[in-house]
Amino acid sequence: MNDNMSTILLLLTSFILSAILSYVLMPLVKSLARKVNLFGIDVHKSWRPLVPKIGGLSVFIGVTTSVMITSFLFNMVDNRVLAFIISTGLAAIVGLWEDFRELNPILKPVLLALAGLPIVFMGAYYPYPNLPFVGKRMLTILYPILVPIAFTIVTNAINSMDVLNGSMTFTSIVATSTIFLINLMKYNVLPAYLCISLLGSLAVFAYYNKYPAKFFPGNVGSLYVGACLISIAIIGSVEIALLIAILPQITNEFHIIYSMRGFRSAKNLLERPVFVENGMLSANPSKKAPLTLVRMLTSRCSLSENEAVKMLVIISTISAALALITEFFFIK
Amino acid sequence: MNAMSNVNDKIFTVCMLVLFLLIVWGMFLCVLYLASVFVIPLGAPSREPLLLSIYRIGATFLILTVWVIVWHRLATFWLYRVLRRDKGHGGSKGNDSSS
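No experiment lies behind these values; they were computed from the predicted model shown. (Residues numbered from 1 in each chain as written. Chains lettered and ligands numbered in written order. Predicted model: local features only at pLDDT ≥ 70, side-chain atom pairs only at ≥ 80, totals over all residues. Heavy atoms only, no water.)

Peer 1: I'd like a description of the sheet that holds strand 6 (residues 280-283) of chain A, backed by residues and values.
Peer 2: Strand order across the open sheet formed by three strands is 5-6-7 (chain A), with antiparallel pairing between neighbours. Only two strands of the sheet have a single neighbouring strand rather than two, namely strand 5 (274-277) and strand 7 (303-304) of chain A. (Pairing = 2+ DSSP bridges. Helix = DSSP H or I, 4+ residues; strand = E, 2+ residues; numbered from the N terminus.)

Peer 1: Would you mind going over the packing of helix 2 (residues 56-73) of chain A against helix 9 (residues 218-235) of chain A in detail, with residue names and values included?
Peer 2: Residues and elements named next belong to chain A. Between helix 2 and helix 9, the least distance of the axes is 6 Å, while the angle of their chain directions is 40°. Taken as axis vectors, helix 2 and helix 9 run oblique relative to one another. Every residue of helix 9 that contacts helix 2 at G56, L57, V59, F60, V63 and T64 is listed here: V220, G221 and Y224. Partitioned by chemical class, the residues of the contact of helix 2 with helix 9 number six nonpolar, three polar and no charged. (Axes fitted to C-alpha atoms, helices over the stretch in contact; angles between N-to-C directions. Parallel < 35°, antiparallel > 145°, perpendicular 65-115°, else oblique. Contact = heavy atoms within 4.5 Å. Nonpolar A, V, L, I, M, F, W, Y, C, P; charged D, E, K, R; others polar.)

Peer 1: Summarise the side chain of A:N165; cite the residues concerned and give the values.
Peer 2: Residue and element names in this part refer to chain A. In this fold, N165 is placed in the loop between helix 6 (142-160) and helix 7 (167-185). Judged by its relative accessible area of 2%, N165 is buried. A distance of 2.6 Å separates a polar atom in the side chain of N165 from a polar atom in the side chain of K45. Side-chain polar atoms of N165 contact the backbone nitrogen of A213, separated by 3.0 Å. (Buried < 20%, exposed > 50% of the residue type's maximum accessible area, 1.4 Å probe, protein only. Polar contact = N/O pair within 3.5 Å; in protein donor to acceptor, adjacent residues only side chain to side chain.)

Peer 1: Any chance you could break down the pattern of salt bridges for me, citing the residues and the numbers?
Peer 2: Going through the model one piece at a time under the given rule, you end up with seven salt bridges over all chains. Across the salt bridge formed by A:R300 and B:D9, the nearest N and O atoms sit 3.3 Å from each other. One end of the pair, A:R300, is in the loop between helix 12 (293-297) and strand 7; the other, B:D9, is in helix 1 (residues 2-38), on a second chain. Residue B:K10 is joined to A:E307 by a salt bridge in which the shortest nitrogen-to-oxygen separation is 2.6 Å. Residue B:K10 is located in helix 1, and its partner A:E307 is located in helix 13 (residues 305-330); the two belong to separate chains. You can call B:K10 buried: its relative accessible area is 17%. Assessed through its relative accessible area of 26%, A:E307 is described here as partly exposed. If you follow the salt bridges from partner to partner, you end up with A:D42, A:K45 and A:E305 in one network. (Salt bridge = Lys/Arg side-chain N within 4 Å of Asp/Glu carboxyl O.)

Keep in mind these numbers describe shape, not what the thing actually does.
This is the structure we're talking about:
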């Protein structure tokens, strides 16, 4: 079998396997949520349904198991795959911990930074990032310091987008597809294969998380997806493209932190960013309310939850296009 | 007529947010360029005076701080001056966190 055929088979197998595993795990996750009473109220619906809030567990287990099996079957096991599994697993554990019991808002970013350390210690990075306009730069000392910081930023950014039914899942599918495409075009097989495993699980999860959601991803899901994205970007040396592809998520996270004057729990907010009336979202006009992307979207006219998510996906797609333009036109 | 104006508002919001994203993207590329020129030496590492190293790190922090402040000011301007149209509202208090 030639190289191309083997690569196509690897990509197809990992996509299908992670999708099947996630699909099979959904009922188990639901019964686990019932056992440990992990349900969240969907505050944007007038009937306020209770929804299992650890749906992301199926994505975590689905992707990890799929990567373990396929990397063994296709001889892909190396330090980068192991670092990916360990780092993303640690981020998922931090998320699960927060789903059970709210973490201190300062401790959470520290723990997420620690989750990035296996990437550093297992040498799963290439400290010569390709920067726009200037080309490759040597960052042998700075790069290992930047990895944990990038882990915190990206995982929290993806987490901050989990505000509406499907908003985190669909925008992450757009970002993951972009990183997959870039890696495929550069023939970076390993990062492309990790991307497609994540895409398989996310595609299945999107079905359950779309409006009206039957499952929430929870912190376990959103932090895991964020950790997967940054790990893949570091392994594939497409860090700049990822940061641009998730610019809406980073913008959202950054303005929340800035307008709240630091890391604070969302439960301690004096003013909510949006109001909900009859299923329609409208922005809070108060200057004390945190600046979020959903608040910006709803500042001119009220939107239904579904419409807001569609707009977020449009903005993410534009961001993905900018990431592709940057990668192929501005990076030497 | 009302439905038409609602559609126009939605299109306007998306277009303005895309424009905002384009400006943020441009700013990000500029900051990356400036940081890579000021802070990261090209090619093999060479021994340089301590003062020059301090200058490089200081310059990058300055660039990042200016960027962060400009980015937030721009977002605030966009929300209150570009996107928002004054309108009364009521409604039950909810939040934008579904989990």
